[in-house]
Each structure stands twice: as structure tokens, then as C-alpha cells.
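Inside the fold
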Amino acid sequence: MQIAFHIGANCTDEDRLLKSILRNASTLLQQGIAVPGPGKYRALLRETIQVLDGGKPKPDSREILIDAILEEEQVNRLVLTNDNFVAIPKRAFDHGVLYPQIDAKISGMCRLFPDDELSFFLTLRHPAGFLQDMLKRSDSTNLAAYIGATSPLDVQWSDVVARIRRAAPHCPLYVWCNEDSPIIWEDLIRLQSGVADGTPVTGQFDVISRLITAEGQKALNALTLPADRISRHEALAALLDTYALPDKLEESIDLPALGAEMVAAMSEGYEDDLEVIAEMEGVNLILPFS
């Protein structure tokens, strides 16, 4: 069985991709793709991996889990998602490292489903906005104490991605930037769901619709998108440029530790980090216009 698991990051997707995929649940099920409700597996997987504690699962663990998660039969692909799979915000920087638990969590999934085709999906985000929101959700007020790093510039996604690859070198990893989601949302629905090529999908405008004016929504409804992927991205980007709600696109960073110079440096570091990620073996960096 194929198992496609969207593992975060925190403060990015907020289950929006799951909701968009669920809008296609009936169509997907006809193709042998199941999208179970998160209540069926999130706590179950977390607790099972914790009990494993790096050890070998019992021979029937996989079957017990699948029976608990799935109601349907004749399923060949299982779509899972959990923004907090790796860590809740309060624990995300334990030991001064972003997601120190990720190696064990990914390895645990691989041990639980040794003969299945696992693939992982990870949303990245500009580190400044990510740190600001994570700090708020962790009920902390001191950024330096929270991240335990010498500088916010030390927080790099490439380190997280590299540790996922080391923990599961045989599993494809799909990565994209949260900032690009409005343009590539249809691509993400298709990639994680595994829907057959040529199948119409619903929900491809779920993100961009939240970011544009009422006039923009009318323009979107009247828009006939090109079939070509790059042309489709260009059309959506042009619409967003014309009709975007400024307060939805322009993120305000108001942490004292993240002044203008620091945010600018983090932006440059983010771009450099993406270039490193793009060159990693087994990593599929999903970018618009490419």
C-alpha cells in the first residue's frame, strides 16, 4: 500500500490541504485512495511510535493499525496528515534544535509500515514568520530562550530535511514553501492524494480565494485556466497581484528580536537554504513556474 503522510510543519498548512483533499473523497475512493478522518489515526500513531521507543514492533502491529484506521477495503493509497506529528510548538525546539524528535518519529513510521510505500510531505515557511507564530503558540515570550540557538539565522530547514532523508532514505520527500501555496494548491492536492492524471479536482482555489477581494473572486470564477502547469501558475499569480488583500499577504513581524535587518538576513538565508534543499537527493522541491 502507498502511504502519503503530510507531517507539518507547524504553523503552516493548518489542515487546509487535508480539507481540500477531503472535498474529493468520493472520487478518490473510486480510485482506491482513502482519506480517513484524522481522529482515526493521529493519537494512535503518536502513541504507537512512543511505545516502540526505537524498538521493533510486534509482527501484527501494522495490520492492527490499518484495521483501526481504514473502514474501506480495496484501498491502494492511504492519505494521512498531522501538522503536530513531529512536535507540538512547545516542544519543537527541545535541546536547542528544530524538531530534534524528527529522526525517531520518521524511523518509527518506517518500522511500523516496513513493506508499504511511504512518502512524506513537508511545508516550509519563512523562518521569521514561523518563529513568531511558534513562539506565540508555545506560550513563550523570549525568543532566544525558546529556540536555544545562538541566532535565529541558525534555524535552517535544510537541516530538518536532511534528517528526514537520513531516517528514511528510501522514501520520497515532497517539500514546498507555504508562501507559494496559493499558486501551487492544485499541484499539492494531486501530489498527496495521488489522484489519476486528468481527473478533475475540487478545492484548487481554497487558498487563493481567502487572499483576494470580492472583485478578485468574480475574476477567479470567470477565469479559464490553461492546462499547462506553468501557464496556470502565471495566470493565478497575475490574478493575485491584481486583487490581493494587502493585510492577507503582507506578514507583520513585531518581535523585538527580529528587527528589519535580521528579517532581511533571514530572507536571504531562506533563499539560500531552498537552493541547498533543491539539490538534495530524494527531495522534490515543488516550486511555481517550474
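About the thresholds
Residues numbered from 1 in each chain as written. Predicted model: local features only at pLDDT ≥ 70, side-chain atom pairs only at ≥ 80, totals over all residues. Heavy atoms only, no water. Phe/Tyr/Trp six-rings, centres within 6.5 Å; stacked < 30°, edge-to-face > 60°. Helix = DSSP H or I, 4+ residues; strand = E, 2+ residues; numbered from the N terminus. Buried < 20%, exposed > 50% of the residue type's maximum accessible area, 1.4 Å probe, protein only. Pairing = 2+ DSSP bridges. Core = buried A, V, L, I, M, F, W, Y, C linked by side-chain atoms within 4.5 Å. Contact = heavy atoms within 4.5 Å. Salt bridge = Lys/Arg side-chain N within 4 Å of Asp/Glu carboxyl O. Patch = residues over 30% accessible without salt bridge, like charges linked within 9 Å, V, L, I, M, F, W, Y side chains within 5 Å. Areas by Shrake-Rupley, 256 points an atom, 1.4 Å probe, with all protein chains shown as cover. Lys, Arg positive; Asp, Glu negative; His and termini not counted. Charge placed at Lys NZ, Arg CZ, Asp CG, Glu CD. Axes fitted to C-alpha atoms, helices over the stretch in contact; angles between N-to-C directions. Left-handed = near helix turned anticlockwise from the far one by under 90°. Nonpolar A, V, L, I, M, F, W, Y, C, P; charged D, E, K, R; others polar. Arc of directions from axis to C-beta. Polar contact = N/O pair within 3.5 Å; in protein donor to acceptor, adjacent residues only side chain to side chain.

Right, let's talk about the packing of aromatic side chains for a bit. For any pair of aromatic rings, geometry is given as the distance between the ring centres together with the angle between the planes. By the definition in use, this model includes 4 aromatic pairs. With a centroid separation of 5.1 Å and 65° between ring planes, the pair formed by Phe93 and Tyr146 is classed as edge-to-face. In this pair, Phe93 sits in the loop between strand E3 (77-81) and helix H5 (102-112) while Tyr146 sits in helix H7 (residues 143-147), placing the two residues 53 residues apart along the sequence. Phe93 sits in the buried class, given a relative accessible area of 6%.

Strand E4 (residues 117-124) sits mainly inside the fold: 7 of its 8 residues count as buried. With 5 bridges connecting them, strand E1 (residues 2-6) and E4 associate as parallel partners. Bridging from a neighbouring strand, Ala4 pairs with Ser119 of E4. As defined by bridge partners, E4 adjoins strand E5 (residues 173-177) across 5 bridges and the pair is classed as parallel. Bridging across to E5, Leu122 finds its partner in Val175.

Counting residues in hydrophobic clusters, the biggest one holds 64 residues, and the most contacted among them are Ile7, Tyr99, Ile106, Phe120, Leu122 and Trp157. At 6 residues, helix H8 (residues 157-167) tops the list of elements feeding residues into this core. Apart from residues lying up to four places away in sequence, Ile7 is in contact with Asn82, Asp83, Phe85, Val86, Ile102, Ile106, Phe120, Phe121, Leu122 and Ile164.

Throughout the structure, instances matching the rule amount to 14 salt bridges. With a shortest N-O distance of 2.7 Å, Asp116 and Arg62 are connected by a salt bridge. Of this pair, Asp116 sits in the loop between H5 and E4 while Arg62 sits in helix H4 (residues 61-69); the two residues are 54 residues apart in sequence, bridging distant segments of the chain. Residue class for Asp116 comes out buried when judged on its relative accessible area of 11%. Taken together, the salt bridges that share partners define one network made up of Glu186, Asp187, Arg190, Arg229 and Arg232.

A cluster of acidic residues, Glu179, Glu268, Glu271, Asp272, Glu275 and Glu279, forms a negative patch on the protein surface. Examined against the element boundaries, Glu179 turns out to sit in the loop between E5 and helix H9 (181-193). A residue is classified by how much of its surface remains accessible, and Glu179, at 39% relative accessible area, is partly exposed.

Remark: a regular strand shows side chains that alternate across the two faces of the sheet. Across the 5 residues that make up E5, a large majority, 4, are buried. Across 4 bridges, the pairing between E5 and strand E6 (residues 283-286) is parallel. Within E6, the residue paired with Val175 across the bridge is Leu285.

On to the sheet that holds E4, then. Spatially, the 6 strands line up as an open sheet ordered E2-E3-E1-E4-E5-E6, and their pairing is parallel. Strands at the two margins of the open sheet, each flanked by one partner only, are strand E2 (33-34) and E6.

What follows covers the environment of Asn221. Its place among the elements puts Asn221 in helix H10 (residues 214-222). Sequence-wise, Asn221 and Ser209 are 12 residues apart; in three dimensions their C-alpha atoms are separated by 9.9 Å.

So, about the packing of H9 against helix H11 (residues 229-243). Closest axis-to-axis distance for the H9/H11 pair is 9 Å, and the angle between their directions is 145°. Of the two elements, H9 crosses H11, and the hand of that crossing is right-handed. In this structure, H9 contributes Pro182, Ile183, Ile184, Glu186 and Asp187 to the contact, and H11 contributes Arg229, Arg232, His233, Leu236, Ala237 and Leu240. Among the residues making up the contact of H9 with H11, the classes are represented as 6 nonpolar, 1 polar and 4 charged.

Our focus in this paragraph is H4. When we look at burial in H4, the residues that qualify are Ser61, Leu65, Ile66 and Ile69. Viewed along the axis of H4, the buried residues span an arc of 125°, placing them on a single side of the element. Exposed residues lying more than 90 degrees from the buried face of H4 are Ile64 and Asp67. Elements in contact with the buried residues of H4: helix H3 (42-52), E3 and H5.

This part takes up the side chain of Asn10. On the secondary structure map, Asn10 appears in the loop between E1 and helix H1 (16-22). Under the relative-accessibility criterion, Asn10 is labelled buried at 2%. Among the polar contacts listed, one links the side chain of Asn10 to the side chain of Tyr99, at a separation of 2.4 Å. Once residues lying within four places of it in the same chain are set aside, the contact partners of Asn10 are Asp83, Asn84, Ala87, Ile88, Pro89, Tyr99, Phe130 and Met134.

So, on to helix H6 (residues 127-137). The buried fraction of H6 is high, at 9 of 11 residues. Those residues of H6 lying buried are Pro127, Ala128, Gly129, Phe130, Leu131, Gln132, Asp133, Met134 and Leu135. Immediately downstream of H6, the backbone of Asp139 shows phi near 60°, a positive value.

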